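As a plain string of letters, each chain reads:
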Amino acid sequence: MKRFTTVLALLLAIAAQSASAQTLKAVKDRGMLNCGSNGTLAGFGLPDAQGKWTGLDVDFCKAIAAAVLNDAEKVKFVPLSAKDRFTALQSGEIDVLARNTTWTSSRDTSLGLNFIGVNYYDGQGFMVRKALKVNSALELNGAAVCVQQGTTTELNLADFFGAHKMQLKTVTFATSNEAVKAYDAGRCDAYTTDASALYAERLRVANLNDHIILPEIISKEPLGPVVRHGDDQWFDIVKWTLFAMIDAEELNISQKTLDEALKSTNPEIKRFVGTEGNFGEQLGLTKDWAVRIVKLVGNYGESFERNVGQGSPLKIERGLNKLWTKGGIQYAPPIR
Amino acid sequence: MDQGRHPVRAADPLTEAAGPRVRGPRQFVGGNRRRKCDEGEMSTDLPATSRPAPVVFYNDPRVRSIAYQVALFAVVAFLVYAAASNAIENLARARIASGFGFWNNVAGFDISQTLIEYSSRGSTYGRAFWVGLLNTLLVAGIGIILATVLGFIVGISRLSSNWLLAKIAGCYVEIIRNLPLLLQLLFWYNAVLKAFPDIRESIAIGGTVFINNRGLFLPTPIFKSGFGSVEAALLAGILGAIVFRIWARRRQEHTGRQAPVLLVTLALVIGLPLAVFFLAGLPLGFEFPQAGRFNISGGTEVLPEFVALLFGLSIYTAAFIAEVVRAGILAVAQGQTEAAYSLGLRQGLTLRLIVVPQAMRVIIPPLTSQYLNLTKNSSLAVAIGYPDLVQVFTGTVLNQTGQAVEVVAITMLVYLVISLTTSLLMNIYNRRVALTER
């Protein structure tokens, strides 16, 4: 039912949309950012018992709200299933989609959407029962695999089994909840999704230690936030929010060191905090836009450790997501 | 001599009685219409003095009513046109792909139950659409049959003079139809999954049939050469049975003598093909399911998702059909049953020959809408992972192509066609059982 209301909303929105979508103005007038989020994935987007949302993607939306509205709490999180997420963004129900979404060419070009960057470099993996004594994904010939619908996962799975000439029985579910439940009930031999999500989903099965995650990563899954096509100003703001978080970590500007940074004489840091130049104004914001992001949310590294890294129950290694200066591939253009 | 005709004719008194009543108002309506249409000519019959002054054309009620309708149509047409052209323009500006070009692109995803040949790497989105549609039709078709049988049994039981049976049927109806269908589907799915053993501890029946929480695995029949003669015998048997039935009925109407219809039908439909099967030297083999490392391979697999959906839909809809049947039976006057008893008919025959045929007239129209409901409700399959049309097409295909407008439009059209076809077939049947005016 939700699906049809969303589609109906899309039709109405498309039929009635005015010429130019001024997202920044709309967000400011509303005083609230509408952020499409996961809602069921620990580490990326999940409301806790008090209804407080946490996660890497959640932090990203809070950072946008900090930069635009000067209040990281002025975000309305809209939980979306994998297959409904693009429709929600196209129809204008949300201003930005930060929901562990893989950047692919077709999504970037044919959906009327723009990916702004990558906030998590991921890859697809498999979880199986230990009792099966499987050590590699290549031993899964003939296995039944539970998967969530409307994901690149669904396609990679068919590709991987096809490429290795293995038999596959897929059982597809609308939500990851249903898919994990069915896997846990023994409907499938394996459950597959992005490796980061596997660590999170593993916390939800009945007996954590009966399950292992296979070493193979079968695909590239660059996860990134998405905005609607056709509003370049908003595209820039969202894009530079991510860059600011990464640049802050590179410049060693964190919530703790922010006060020192404000007094710094280092020209790079001065440009970041806005004591030199007018880079915030060029974006349509104020000079201290990046300071607000760090002050209210933190830099990329802080957000990572808090949500998925060593400070979280998931304890995922940073791996590819380390800064380029530390052996990873997270890299942001400079603010100047 | 006439006795044999009674069962057939017993329904007639009502027809006879209702006939003129139905005809009466019809004639009146017809007469009215004629009068209206012929207004111009008829006015010549009226005295010239009572003739009203001619009205200007825009005050003519007929002209006015047509003008209003034309205006309304124009407004609706304009709104539809404006919305459509605006949508097309906006889709183009937002660079959202449109058109039906995606239909022939490679799908790239797998489907768990395919009635036709389908592979993730070779098949198109269009093929995926047909796979989904066939899965929907399969579950809806079997569901309608099951729901009808169960519904009739429960409906009749509820009127039974057996206290316990009537109460059980009553509880069934009240519980099932007052719980949300989605909840029931989830219940059945989890019941199926949890109640059956793991695949490695399958219940094996004779080493050829396996039951576990991944479904039911049956041997697949393989037809060898010579099986054609068995098929021909079956066809001949069915035709023979139909001819025999017609003959038996005619004879009964003329002479009152009954023929052993059931016995002859069974002999023709089952006995004849079986005899040919043995004579042709058993031209049938089986492919047996084999336990593999992970799964059971080979054989025919019945998915638990399918079973859960089928059970859920049939049991839910049967509760409504039971009420429709009960209402239909209660609508037949008690006098009909009493008359049948007084003629010496037994209870079963009274039900079959007197009550149900008359009740059908009341039952068919609401039964049609239950069939439509069942078909449309099958789209809840998405919740339990059964690959029906909505799950495959408005789920995965929509998401992979991003073309919501086209995909949803196609899906709506398909459900419309399925529903209207069901409705048409039921209307044809309804016309057959409806009161025939003589």
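Residues numbered from 1 in each chain as written. Chains lettered and ligands numbered in written order. Predicted model: local features only at pLDDT ≥ 70, side-chain atom pairs only at ≥ 80, totals over all residues.

## Points about the overall build of chain B
Here's step 1: Looking only at helices and strands, chain B has 14 helices and eight strands in total.
Here's step 2: The long-range fraction of contacts in chain B, counting pairs at least 24 apart against all pairs at least 6 apart in sequence, stands at 70%. (Helix = DSSP H or I, 4+ residues; strand = E, 2+ residues; numbered from the N terminus. Contact = placed C-beta atoms within 7 Å.)

## Quick look at the overall build of chain A
Here's step 1: A tally of helices and strands in chain A yields 14 helices and 14 strands.
Here's step 2: For a compact globule of 336 residues, the expected C-alpha radius of gyration is about 20 Å, and chain A comes in at 21 Å, within 12% of that figure.
Here's step 3: With respect to the three principal axes, the spread of C-alpha positions in chain A is 60 × 50 × 40 Å.
Here's step 4: Within chain A, the proportion of its 336 residues that are buried is 54%.
Here's step 5: When contacts within chain A are restricted to residue pairs at least 6 apart in sequence, long-range pairs at least 24 apart make up 72% of them. (Rg over C-alpha atoms; globule rule 2.2 N^0.38 Å. Buried ≥ 20, exposed ≤ 12 C-beta atoms within 10 Å, placed from the backbone.)

## Some thoughts on the sheet that holds strand β12 (residues 211–213) of chain A
Residues and elements named next belong to chain A.
Here's step 1: If you trace the five strands from one edge of the open sheet to the other, you get β10-β9-β11-β8-β12, paired in mixed fashion. At either end of the open sheet lies a strand with only one pairing partner, and these are β10 (168–173) and β12. In this sheet, neighbouring strand axes are inclined to one another by 30 degrees on average, regardless of whether the strands run parallel or antiparallel.
Here's step 2: As paired strands, strand β8 (residues 124–129) and strand β11 (residues 190–194) are joined by five bridges and run antiparallel to one another. Bridge pairing in β11 places Q124 opposite D194.
Here's step 3: Strand contacts of helix α7 (residues 176–184): β9 (143–148), β10 and β11, with the helix running at about 155 degrees to β9, the strand carrying the most contacts. (Pairing = 2+ DSSP bridges. Axes fitted to C-alpha atoms, helices over the stretch in contact; angles between N-to-C directions.)

## A short note on the domain arrangement of chain A
Residues and elements named next belong to chain A.
Here's step 1: When the domains of chain A are assigned, the result is domain 1 (2–121 + 223–326) and domain 2 (126–219).
Here's step 2: The C-alpha centroid of domain 2 is placed 29 Å from the C-alpha centroid of domain 1.
Here's step 3: Domain 1 puts 15 residues into the contact, and the matching count from domain 2 is 15 residues.
Here's step 4: When grouped by side-chain class, the residues that make up the side of domain 1 that touches domain 2 number eight nonpolar, six polar and one charged. (Domains from an automatic or database assignment. Nonpolar A, V, L, I, M, F, W, Y, C, P; charged D, E, K, R; others polar.)

## A look at the interface of chain B and chain A
Here's step 1: Facing 37 residues of chain B, the contacting portion of chain A comprises 37 residues.
Here's step 2: Taken together, the elements giving at least two residues each to the side of chain B that touches chain A come down to α4 (61–93), α7 (181–195), α13 (389–401) and α14 (404–433) of chain B.
Here's step 3: For the side of chain B that touches chain A, the element with the most residues is α4(B), which contributes six residues.
Here's step 4: Looking at side-chain class alone, the side of chain B that touches chain A contains 15 nonpolar, 14 polar and eight charged residues.

## Let's talk about the packing of helix α5 (residues 125–158) of chain B against helix α6 (residues 163–177) of chain B
Residues and elements named next belong to chain B.
Here's step 1: α6 packs onto α5 with a crossing angle of 125 degrees between their chain directions and a minimal axis gap of 7 Å. As judged from the angle between their axes, α5 and α6 are oblique. In the crossing of α5 with α6, the sense of the turn from one axis to the other is left-handed. Counted together, V154, S157 and R158 of α5 and L165, A166, A169, G170, Y172 and V173 of α6 form the full contact between these two elements.
Here's step 2: In terms of residue class, the contact of α5 with α6 is made up of six nonpolar, two polar and one charged. (Parallel < 35°, antiparallel > 145°, perpendicular 65-115°, else oblique. Left-handed = near helix turned anticlockwise from the far one by under 90°.)

## Observations regarding the packing of α5(B) against helix α10 (residues 304–330) of chain B
Residues and elements named next belong to chain B.
Here's step 1: The geometry of α5 relative to α10 is characterised by a closest axis approach of 6 Å and an angle of 40 degrees between their N-to-C directions. The orientation of α5 relative to α10 falls into the category oblique. In this structure, the crossing between α5 and α10 has a hand that is right-handed.
Here's step 2: Across the contact of α5 with α10, the residue classes tally to 16 nonpolar, six polar and three charged.

## Digging into the sheet that holds strand β3 (residues 215–218) of chain B
Residue and element names in this part refer to chain B.
Here's step 1: Here four strands make up an open sheet; going across it, the order is β1-β2-β3-β8 and the pairing antiparallel. Lying at the two open borders of the sheet, with one neighbouring strand each, are β1 (203–205) and β8 (300–302). For this sheet, the mean inter-axis angle between neighbouring strands, taken without regard to orientation, is 15 degrees.
Here's step 2: Looking at chain direction, β3 and β8 are connected through three bridges and run antiparallel.

## Describing α4(B)
Residues and elements named next belong to chain B.
Here's step 1: If you check α4, its first and last C-alpha atoms are 48 Å apart, about what 33 residues at 1.5 Å a residue would give, namely 48 Å.
Here's step 2: α4 sits mainly on the outside: two of its 33 residues count as buried.
Here's step 3: Just downstream of α4 lies R95, where phi reads positive at about 55 degrees. (Expected span 1.5 Å × (residues − 1).)

## Quick notes on the environment of L435(B)
Here's step 1: By the secondary structure assignment, L435(B) is in the segment after α14.
Here's step 2: In this structure L435(B) comes out as partly exposed when scored by C-beta crowding, with 13 C-beta atoms within 10 Å.

## Description of the environment of V269(B)
Residues and elements named next belong to chain B.
Here's step 1: Position of V269 relative to the elements: it lies in helix α9 (residues 261–279).
Here's step 2: In this structure, the C-alpha to C-alpha distance between V269 and Y341, residues 72 residues apart in sequence, is 34 Å.
Here's step 3: Apart from residues no more than four positions distant in its own chain, V269 is found in contact with G237, I238 and A241.

## Concerning the nonpolar core
Here's step 1: C61(A), I64(A), C146(A), I293(A) and L309(B) are the most contacted members of the largest nonpolar core, which totals 165 residues.
Here's step 2: A per-element tally of this core places α10(B) first, with 15 residues.
Here's step 3: Residue contributions to this core reach at least three from each of two domains, namely domain 1 (2–121 + 223–326) and domain 2 (126–219) of chain A.
Here's step 4: Apart from residues lying up to four places away in sequence, I293(A) is in contact with A63(A), A66(A), A67(A), T241(A), A244(A) and M245(A).
Here's step 5: Counting five residues, the second-largest nonpolar core is a separate cluster that includes F210(B), L216(B), F217(B) and I296(B). (Core = buried A, V, L, I, M, F, W, Y, C linked by C-beta atoms within 7 Å.)

## Describing unusual backbone geometry
Here's step 1: Unlike most non-glycine residues, N70(A) shows phi in positive territory, near 60 degrees.
Here's step 2: The residue N70(A) is located in the loop between α3 (56–69) and β4 (75–79) in this model.

## Focus on the confidence of the model for chain A
Here's step 1: The predicted model of chain A averages 90 in pLDDT, with 94% of residues at 70 or higher.
Here's step 2: Within the model, pLDDT remains below 50 along residues 16–20 of chain A, and this stretch shows one contact once partners closer than five positions in the same chain are excluded. (pLDDT = per-residue confidence, 0-100.)

## Side note on α13(B)
Here's step 1: For α13(B), with 13 residues, the first-to-last C-alpha span of 16 Å runs short of the 18 Å given by 1.5 Å per residue.
Here's step 2: Counting buried residues in α13(B) gives 13 out of 13 residues, a clear majority hidden from the surface.

## Notes on the pairing of strand β2 (residues 209–212) of chain B
Sheet faces and side chains relate simply in a regular strand, where the side chains alternate between the two faces.
Residues and elements named next belong to chain B.
Here's step 1: The alternating pattern of β2 places F210 and N212 on a buried face, while none of V209 and I211, on the opposite face, is buried.
Here's step 2: Sheet topology places β1 next to β2; three bridges connect them, and they run antiparallel. Within the sheet, the bridge partner assigned to I203 lies in β2 and is I211.
Here's step 3: Where β1 folds back onto β2 in an antiparallel hairpin, the turn is made up of three residues, including G206, whose phi is positive at roughly 60 degrees.
Here's step 4: The pairing of β2 with β3 spans three bridges and is classified as antiparallel. Bridge pairing links N212 to G215 in β3.
Here's step 5: Here β2 hands over to β3 after two residues, the two strands then running antiparallel side by side.

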